[in-house]
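# Structural features, examined
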Amino acid sequence: MISSVPPIRITACNSNRVNNDGDFVLYWMIAARRPSWNFALDRAVEWSMKIKKPLLVLEALRCDYPWANERIHAFVLEGMADNASELAQAPALYYPYVERVNGEGKGLVEALSSNACVIVTDDFPCFFIPSMIKVAAKKVRVFMEKVDANGLIPLRLSEKVFQSAYHFRRFSQKNLLGLLRQQPKALPFAGLKLKALEAIPKHVSKRWPSLFFEQKAGIRGLLDTLPIDHQVRPVGCSGGSREARSTLNTFMEKRLPFYKEYRNHPDQDAESGLSPYLHFGHISSHEIVKAILDGGSWSPGNSPGKASGQREGWWGVDENPEAFLDQLITWRELGFQLCQKRKDYDKYESLPSWALKTLQDHSKDIRPSIYTLKEFEEARTHDPLWNAAQKQLLEDGVIHNYLRMLWGKKIVHWSPTPRDALQFMERLNNRYALDGRDPNSYTGIFWVLGRHDRAWGPERAIFGKVRYMSSENTRRKVRVKQYLEKWA
Ligand SMILES: Cc1cc2nc3c(=O)[nH]c(=O)nc-3n(C[C@H](O)[C@H](O)[C@H](O)COP(=O)(O)OP(=O)(O)OC[C@H]3O[C@@H](n4cnc5c(N)ncnc54)[C@H](O)[C@@H]3O)c2cc1C
């Protein structure tokens, strides 16, 4: 099939045949939870056009995944409400399904596959998703493929595991101009004549009823009834593609002009706030990059085109968008590349050998303070700045990026061992952070322990050659007065 989706982004999950006698093409939306700028959706639409069958979009939400709680569920459900109203305008049937009892959703995709021609799903290299896809691909009766809509650099463009941001940046710079010509569709259904599916097969809808979204407000009532962690409450910001776009617009208008100078200062609030939307796939990095480049009247001629690996100057735009694009592309996608290539991305042993050695050499060093997970969790350390960052995480589901680095470093400082520190960081980050359970979570947490970094001197107690940070220095370097007033 001639496809507008680059073949390198498409991976067959099984060797079953396409069933041309089926009733529909199934797009099983599990990571790129958005109705546009989505290569996987584009691919599913192409299948529909090719075999002239309607499109069914299944977006499901389990309740038994690790750390399932009200905060995460609310954000996903708000996204589903947006998808329901967007896709109501499209020639596709949207099927939102929310598990109400652990394991209730088991068998749903398999059951749908008996009526499907072909299944397309999202390729996401982290959390429970790769193994869920593997299991499903064996059970379904038709051909299934997964599509990588994660970022600008396709996951499979290189076999290499990039050790540093510099090496990955240089690789990206060699490829980006070509890759920018491959965009997912902003309007995936525009001008298409697709027959819409009237209803979900009865044998499926009877056992797995679709959730009807009247409005986002109804979501809170639903949460009460689900078997998830009710201690982690929803936060003020709401999920979904619409909110994601409005967050992007506000950022471009109000904060991007000061991003480079102010992003490290918690008092300045200059970051985009996009990470939760990126994590749940409510917005695509392609859409963000296009908006940023259009805003700077960029054209390919602006870029000097030399792949030097330098952080600044490659795009040939103002220093603020340049700094932001480096975070969004280099730092974000570095983690996606690593998770796709190393199945042990979340294991302590995956740290570089120099970091393992130096942390081991200092494993017996006396810790100045030692806290339990509970004390960390309840923000009960002796350090007001650390406690403030943890409180922001508990209440807002985010931590300012600069303080997130300090937050991690101090957990290493005050835990019995670096392995304990890893376990504590993973638990706290993934339980409370809206953007947790993401390749970026593992980039950040493992960076704290030395991954994607170099050895530093002088060698210190506990950290050895791993980069050290202190609250005193942080207070001197970045503005935290208002931050402390708010959170301490
Ligand atoms: C210990 C620790 C844990 C972290 N856990 C997560 C996590 O669970 N999820 C997560 O998305 N990020 C994580 N980060 C990275 C970073 O803190 C967040 O991406 C950033 O704070 C998100 O805020 P923003 O969207 O406003 O960022 P902006 O500054 O507006 O950046 C835009 C985007 O660029 C990417 N980005 C920015 N900084 C980084 C970075 N240092 N590493 C990787 N990507 C980056 C993100 O996708 C972000 O949304 C962690 C960092 C550390 C040190």
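Structure first, text after, so check above.
The rules behind each value
Residues numbered from 1 in each chain as written. Predicted model: local features only at pLDDT ≥ 70, side-chain atom pairs only at ≥ 80, totals over all residues. Heavy atoms only, no water. Helix = DSSP H or I, 4+ residues; strand = E, 2+ residues; numbered from the N terminus. Rg over C-alpha atoms; globule rule 2.2 N^0.38 Å. Buried < 20%, exposed > 50% of the residue type's maximum accessible area, 1.4 Å probe, protein only. Contact = heavy atoms within 4.5 Å. Lys, Arg positive; Asp, Glu negative; His and termini not counted. Charge placed at Lys NZ, Arg CZ, Asp CG, Glu CD. Polar contact = N/O pair within 3.5 Å; in protein donor to acceptor, adjacent residues only side chain to side chain. Near = heavy atom within 4 Å. Areas by Shrake-Rupley, 256 points an atom, 1.4 Å probe, with all protein chains shown as cover. Nonpolar A, V, L, I, M, F, W, Y, C, P; charged D, E, K, R; others polar. Domains from an automatic or database assignment.

The subject of this paragraph is the overall build of the protein chain. Regarding its fold elements, the protein chain presents 20 helices and 6 strands. Since a compact globule built from 488 residues should have a radius of gyration of about 23 Å, the 23 Å found for the protein chain is in line with a globular shape. Residue burial in the protein chain is summarised as follows: out of 488 residues, 58% are buried. Considering only contacts in the protein chain between residues 6 or more positions apart, those separated by 24 or more positions represent 80%. The centroid of the 70 positive side-chain charges in the protein chain is displaced by 4 Å from the centroid of its 55 negative side-chain charges.

Right, let's get into the environment of Lys52. Within the fold, Lys52 resides in the loop between helix H1 (39-51) and strand E3 (55-61). Separated by 142 residues in sequence, Lys52 and Leu194 place their C-alpha atoms 7.5 Å apart.

Its place among the elements puts Ser350 in the loop between helix H12 (319-341) and helix H13 (353-361). A residue is classified by how much of its surface remains accessible, and Ser350, at 7% relative accessible area, is buried. Reaching out from Ser350, the side chain makes a polar contact with the backbone oxygen of Lys347 at a distance of 2.7 Å. Polar side-chain contacts of Ser350 include one of 2.7 Å to the side chain of Arg451.

This brings us to the site of the ligand. With respect to spatial proximity, 24 residues lie near the ligand, and among them Tyr259, Ser272, Gly273, Asn401 and Ser441 are the closest. Protein contacts shield 95% of the accessible area of the ligand, which totals 830 Å² for the unbound molecule. Of all elements in the fold, only helix H10 (275-279), H12, helix H16 (401-413) and helix H18 (439-448) reach the threshold of two or more residues within the shell around the ligand. For the shell around the ligand, the residue count by class is 9 nonpolar, 10 polar and 5 charged. No fewer than three residues from each of domain 2 (241-341) and domain 3 (348-487) sit in the shell around the ligand.

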